[in-house]
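# Report on the structure
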Amino acid sequence: MNRIFAFVGATVIFVFGFVLHISYITSGGTVWSVLISSVNSSAWETLKPFALAYIMWIVIELSYLRPSLLHFVCAKILMLYVFAVLMIVYCLFVRQFVNGIFAEVLFYSGIYAILYVVQLLSYRMFKSPVKTEIFYIPILLSLFLFVFMILLFSVYPPHIIPFYDFKADIYGVGIYKR
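Residues numbered from 1 in each chain as written. Predicted model: local features only at pLDDT ≥ 70, side-chain atom pairs only at ≥ 80, totals over all residues. Heavy atoms only, no water.

### Overview of the overall build of the protein chain
- Across its full length, the protein chain carries six helices and three strands.
- Walking the protein chain from its N terminus toward its C terminus, one meets helices and strands in the order α-α-α-α-α-α-β-β-β.
- The C-alpha radius of gyration computed for the protein chain amounts to 16 Å, which stays within 12% of the reference 16 Å derived for 178 residues, consistent with globular compactness.
- In terms of overall dimensions, the protein chain has C-alpha extents of about 45 × 35 × 30 Å along its principal axes.
- Out of the 178 residues in the protein chain, the part that is buried amounts to 45%.
- Counting only contacts in the protein chain whose residues sit at least 6 apart along the sequence, the fraction spanning at least 24 positions is 70%.
- Looking at the protein chain as shown, the accessible area adds up to about 9400 Å², and 76% of this sits on carbon and sulfur atoms.
- Counting 11 positive and 6 negative side-chain charges, the protein chain places the averaged centre of each group 8 Å from the other. (Helix = DSSP H or I, 4+ residues; strand = E, 2+ residues; numbered from the N terminus. Rg over C-alpha atoms; globule rule 2.2 N^0.38 Å. Buried < 20%, exposed > 50% of the residue type's maximum accessible area, 1.4 Å probe, protein only. Contact = heavy atoms within 4.5 Å. Areas by Shrake-Rupley, 256 points an atom, 1.4 Å probe, with all protein chains shown as cover. Lys, Arg positive; Asp, Glu negative; His and termini not counted. Charge placed at Lys NZ, Arg CZ, Asp CG, Glu CD.)

Dropping the structure here:
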């Protein structure tokens, strides 16, 4: 688990997350794509497909690396929350100023950089002697809550800033306008 594996992981997560990100548009707004894709340009909807790709990458890593299960999963899930916070803050600040193709490329390269840093931090946390596995029950419960939120908040989003699309003036799928 070195920098090369973190680079490969960040690349796979980014590519798969980007495919999920655009699947709502390419599928014509089908129901399955509402659950796993970005339905607007809010910070939450930008986070959602990349977080799902991150969770899928954890499964792939477990199959390939075969690390100490509990310690590894706890470190990866904790870094998922660091990723979520960084992504939401990044999207809230940058999406306000993104206009044009070049700015979009810079925006998505920033997402890739966040993914790479989070991958490195998760491996460092796994290799550290910190016993994150003593909190495995709340960490795993919080993962299930996070997945539930991903599936629910596109259709029924709370009316707070991370769920608001400033460009389209909508929350979630667009059922609720501001």
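Having seen the model, we can carry on.
### Focus: the layout of surface pockets
- Size it by volume and the largest pocket reaches roughly 200 Å³.
- As for the largest pocket, its lining consists of Phe18, His21, Ile22, Tyr24, Ile25, Ser38, Val39, Asn40, Ser41, Arg95, Glu104 and Tyr108.
- Of all the elements in the fold, those that place two or more residues in the lining of the largest pocket are α1 (3–26) and α5 (101–127).
- When residues in the lining of the largest pocket are grouped by element, the largest group, five residues, is from α1.
- Its residues assigned to classes, the lining of the largest pocket shows six nonpolar, four polar and two charged. (1 Å grid on protein atoms, 1.4 Å probe; cavity = no way out; pocket = protein on both sides within 12 Å on 5 of 7 lines; lining within 4 Å. Points joined across faces, edges and corners; volume = space filled by probe spheres on them. Nonpolar A, V, L, I, M, F, W, Y, C, P; charged D, E, K, R; others polar.)

### Thoughts on the nonpolar core
- Core analysis: the largest hydrophobic core is formed by 46 residues, its most contacted members being Leu47, Phe83 and Ile111.
- Every element with two or more residues in this core is listed here: α1, α3 (43–65), α4 (69–94), α5 and α6 (136–152).
- Sorting elements by how many residues they give to this core places α4 first, with 13 residues.
- In contact with Ile111, not counting residues within four places along its chain, are Phe14, Thr46, Phe50, Met87 and Tyr90. (Core = buried A, V, L, I, M, F, W, Y, C linked by side-chain atoms within 4.5 Å.)

### Regarding the packing of aromatic side chains
- Under the defined criterion, the tally for this structure stands at 19 aromatic pairs.
- Look at Phe5 and Tyr64: their rings are 5.8 Å apart centre to centre, the planes differ by 10 degrees, and that puts the pair in the stacked class. Taken together, the residues Phe5 in helix α1 and Tyr64 in helix α3 connect sequence positions 59 residues apart.
- Relative accessible area serves as the criterion here: at 15%, Phe5 is assigned to the buried category.
- Given a relative accessible area of 62%, Tyr64 falls into the exposed group. (Phe/Tyr/Trp six-rings, centres within 6.5 Å; stacked < 30°, edge-to-face > 60°.)

### What to know about the packing of α3 against α4
- Contact geometry for α3 and α4: axes closest at 10 Å, N-to-C directions at 160 degrees. Classed by the angle they form, the pair α3 and α4 counts as roughly antiparallel. Crossing of α3 against α4: the hand is right-handed. Contacts between α3 and α4 involve Ala43, Trp44, Thr46, Leu47, Phe50, Ala51, Tyr54, Ile55, Ile58, Glu61 and Leu62 from the first element and Leu69, Phe72, Val73, Lys76, Met79, Leu80, Phe83, Ala84, Met87, Ile88, Cys91 and Leu92 from the second.
- Residues of the contact of α3 with α4, tallied by class, amount to 20 nonpolar, one polar and two charged. (Axes fitted to C-alpha atoms, helices over the stretch in contact; angles between N-to-C directions. Parallel < 35°, antiparallel > 145°, perpendicular 65-115°, else oblique. Left-handed = near helix turned anticlockwise from the far one by under 90°.)

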